[in-house]
Amino acid sequence: MNREKLLDQLKRISTEGKGTKELYGEISRVCMDEIKRDWSKKSVKNAYYLSVEFLMGRMFFNNLMELGVLNEARSIFAEKGFDLNRLEEIEDAALGNGGLGRLAACYLDSAAGIGVPLQGYGIRYRYGLFRQRFENGFQREEADDWLKWGDPWSVRRESEKREIRFADMTVTAVPYDMPIIGKRINTLRLFQAEGSAEAEKISEYLYPADDTDEGKLLRIRQEYFFSAACVRELVEEFVKVYGSRFFKFPEYHALQLNDTHAVFAAAEFLRLLTQEYKVAFGDAVKIARKTFNYTNHTILPEALECWDAELVARILPEIAMILKRLQVFASREWKAKGCLVSDQLDMSVMKSGRFAMANVAVFVSGRINGVAEIHTRIIKEKLFAVAARYYPDKFLNITNGITQRRWLMLCNEELSALYDKNFGRGWREDLDLLSLRDAFQRDADVAEFAAVKRIKKQQLAEYVRKREGIALIPDAIYIAQVKRLHEYKRQLMTAFAVLRIYYDLKAGKLPDFSPTVFLFGAKAASGYRRAKAIIKYLNAVAETINVDEAVRGKLQVVFVQNYDVSYAEKIVAGSDVSLQVSTAGFEASGTGNMKLMMNGAVTVGTMDGANIEIAERAGLNNNYIFGATVTELGRIRNDYNPSEIVQNKPAVKRVTDTLVNGTFSDGGTGGFAELHAALFEGASWHKPDHYFVVYDLESYVQALLAVNRDYRNAESFSRKQLMNALHSAFFSSDRAVKTYANLVWGLDRPQ
Ligand code: 26V
């Protein structure tokens, strides 16, 4: 990379009369020209990350940082009278929805950063995850027209397009390549569907609703479209060099299935090998098992994909045939192993006329991993318990990680500078160095850390003021719950806890209460009614509290609109406390918990997902763990009756009653009553309070009050925060990617 030349080019850009969009395009293109010169050739062996989501966030600042010109560029343009921060207007490319998509982005970043040849494959959606705003406290959704800013960081590869055939249409998959910059420059290749108007629909939206057959067909098309485009590309390139010596294929390729959305890749691989290259089915399966690996990201039954075999056959007859053949093949293997019939049923690829995509993934993959210790234990003991007995060597844990480049160096330049000053720049390459710095824990260091936190809180407050028009209480405790809106994540429980505190404050029961701001950020899936009702409820609670003179300056609740990666960068850096309160056993890992920890927030959390590993590393005394454990919930599940609890605890009843006693209005939608019914009567196929909101509420309130008490001793609270930041190295995605490279992809030697 010729940095001097790049700086020179940047200096030559004139800003006169140019708007942000124009300058964004121009600066990005100058950088791209430089990048193109160095764009790494594929390595001998590469790993491929197949995912329907890549939640990249804003590329501009990250790329300039990786090119080593961010600070200089800031000064160059400042001299010309243009504040580079104005480019924060540029919206994120939100081609993902939550944790799974952001994880994919972090892994790409880390792989490039540490020099692992990992290439991403996905879909170039015309519209990303919807943009959210609130109207009367209700979520409103607008199409995310991210391309209106142009797409200067991608290169269309016209000559590498491919035809993907369905029974009723042929679609052209056109690759767009985005450089992922680090020690290597890897590639994120996103396919756009072209051809007819029908064809274009395939890459129009992320997760189109799948409650109708038409919706399901579209989802199947999406999944097959990009998986097949990827696999065909790799197989065809391979054949050019090695002919049909497919047993060598795994020596050059490791494919990672990010959840089940790309499982059709394995089916397409089997189809290609057996039908077009006449490889025996058993041999093809053997090769697939050395090539494909599967990461499970959730145990929620509603998120485990099953596709009607009839639907698949309608548009992909050969793929349906292959999957059926796989079922026959698998049965034979299971019989040979002496599996019980019930066990065979459990592991079946095809069940009651539907393809169980997770079972397909488990059968054809060489390695299967969960994303945190407890999650891996649960998939081995529950979700895939039978398969884990017959194929114990397939399963392993790789706890998630996040990239410290975006989630520390970029979003918290002040803390990064403090680390540099105290122990040199080595930590930027090797985050582990942080935890060795005992010297950094002296009082003076804690004070310096606290000063950084204050600055980040001011910046956050300023950002919220700009975006929401709301002034946060300065110097309050900033407590954040930012993540997708889902019942298992229990934002509703936080709403109840906040109300409890509010009532106690008003009653004068909390005389020494330190001023506190609760910050929420979350989008609810478009068709998820109860999640939307929770948003409305939280906004109603916020509205009541924020106008109440009695608690003015002491308690504030702010639900920010359109929470996205860029918003997260501000919130994780500027928060004191991280809420990670999922029902034990439900959050596979969580990664927001890691981002907040790395920036020195203490966790108020349950023994769930990666919270357990966070508390273990940063110290139980530096975090606030509460609530029922998986074991405890297992014990009480059958006899649990939330109505009994509210009968005995009037304070709990008082808050849950607000869903139905007119304290707050749901605008006549019936949404609040529905939430109440889910708690006390049960909803869908669930028993009352399936997520144990009522059960854990009391201990949650106590944990929050303990935080409030401890915060009064500013020095010791800052020390707890610092201990979290300094022990976050394990949660770097550099560590996670290295583990995949070594244990899964066979990339342990430098390529
Ligand atoms: C998907 C859906 C789609 C339909 C509506 C309901 C629903 C509920 C959950 C999901 C989860 C999709 C998978 C996912 O994003 N899992 C997240 O993966 C993260 C990265 O491993 C992990 O940190 C989170 O704990 C896990 O929830």
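Let me sum up the structure you'll find in this document. (Residues numbered from 1 in each chain as written. Predicted model: local features only at pLDDT ≥ 70, side-chain atom pairs only at ≥ 80, totals over all residues. Heavy atoms only, no water.)

### What to know about helix α24 (residues 611-618)
Rules: Each residue is assigned to one of three classes by its accessible area relative to the maximum for its type, calculated with a 1.4 Å probe on protein chains only: buried under 20%, partly exposed between the two thresholds, exposed over 50%. We count a stretch as a helix when DSSP gives it H or I for four or more residues in a row; a strand needs E for two or more, and each element gets its number in order from the N terminus. For this analysis, residues touch if any pair of their heavy atoms sits within 4.5 Å.
Buried within α24 are the following residues: N611, E613, I614, A615 and A618. Of the surrounding secondary structure, the elements contacted by the buried residues of α24 are α15 (373-383), β21 (577-580), α23 (592-598), β22 (602-605), β23 (624-625) and α30 (714-726). Within two residues after α24, G619 carries a phi angle of roughly 100°, on the positive side.

### A closer look at the sheet that holds strand β13 (residues 306-308)
We apply this condition: Paired strands are those between which DSSP finds at least two bridges. The angle between two axes is taken between their N-to-C directions and runs from 0 to 180 degrees, where each axis is a line fitted to C-alpha atoms and a helix contributes only its stretch in contact.
What the 3 strands build is an open sheet, ordered β13-β15-β14; its pairing is antiparallel. Single-partner strands in this sheet number two, and they are β13 and β14 (350-351). As paired elements, β13 and strand β15 (residues 354-356) share 3 bridges and run antiparallel to each other. Bridge assignment links W307 to a residue of β15, and that residue is F355. Taken strand by strand, helix α14 (residues 357-364) contacts β13, β14 and β15, and its axis lies near 50° from that of β15.

### As for the packing of helix α9 (residues 264-276) against helix α10 (residues 281-291)
For the record, the criterion: We call two directions roughly parallel when the angle between them is under 35 degrees, roughly antiparallel when it is over 145, roughly perpendicular when it lies between 65 and 115, and oblique otherwise. When the near helix sits turned anticlockwise from the far one by under a right angle, the crossing is termed left-handed; a clockwise turn instead gives a right-handed crossing. Charged means Asp, Glu, Lys or Arg here, nonpolar means Ala, Val, Leu, Ile, Met, Phe, Trp, Tyr, Cys or Pro, and polar covers whatever is left, Gly included.
Between α9 and α10, the least distance of the axes is 9 Å, while the angle of their chain directions is 140°. Regarding the angle of α9 to α10, the classification is oblique. Seen from above, α9 lies across α10 with right-handed handedness. Where α9 abuts α10, its residues F269, L270, L273 and T274 lie against F281, A284, V285, I287, A288 and T291. Here the residues of the contact of α9 with α10 sort into 8 nonpolar, 2 polar and no charged.

### Structural notes on the site of the ligand
Here is the rule we go by: Throughout, near means a residue has at least one heavy atom within 4 Å of the molecule or strand. For the purposes of these results, a polar contact is taken to be a pair of N or O atoms within 3.5 Å, where, inside protein, one atom must be able to donate a hydrogen and its partner to accept one; residues adjacent in sequence count only when each atom of the pair is a side-chain atom.
What surrounds the ligand is a group of 16 residues, the closest being H297, N400, E587, S589 and G590. Between the ligand and N400, the relevant distance is 2.8 Å, taken from an oxygen atom to a side-chain nitrogen or oxygen of the residue. G590 is positioned such that a nitrogen or oxygen atom in its backbone is 2.8 Å from an oxygen atom of the ligand. Grouping the constituent residues of the shell around the ligand by class yields 7 nonpolar, 7 polar and 2 charged.

### Description of the pairing of β21
Note the following rule: If the strands point away from the viewer and the path from the first strand over the helix to the second runs clockwise, then the crossover is right-handed.
With burial as the criterion, each face of β21 is covered, one bearing V577 and L579 and the other bearing S578 and Q580. Relative to β22, β21 runs parallel, the two being bridged by 4 bridges. Its bridge partner lying in β22, V577 is registered against V602. On the question of chirality, the crossover connecting β21 to the parallel β22 by way of α23 is right-handed.

### Describing the environment of Q459
Structurally, Q459 can be placed in helix α19 (residues 443-468). Given the relative accessible area of 34%, Q459 is considered partly exposed. Sequence separation between Q459 and Q721 is 262 residues; the distance between their C-alpha atoms is 18 Å.

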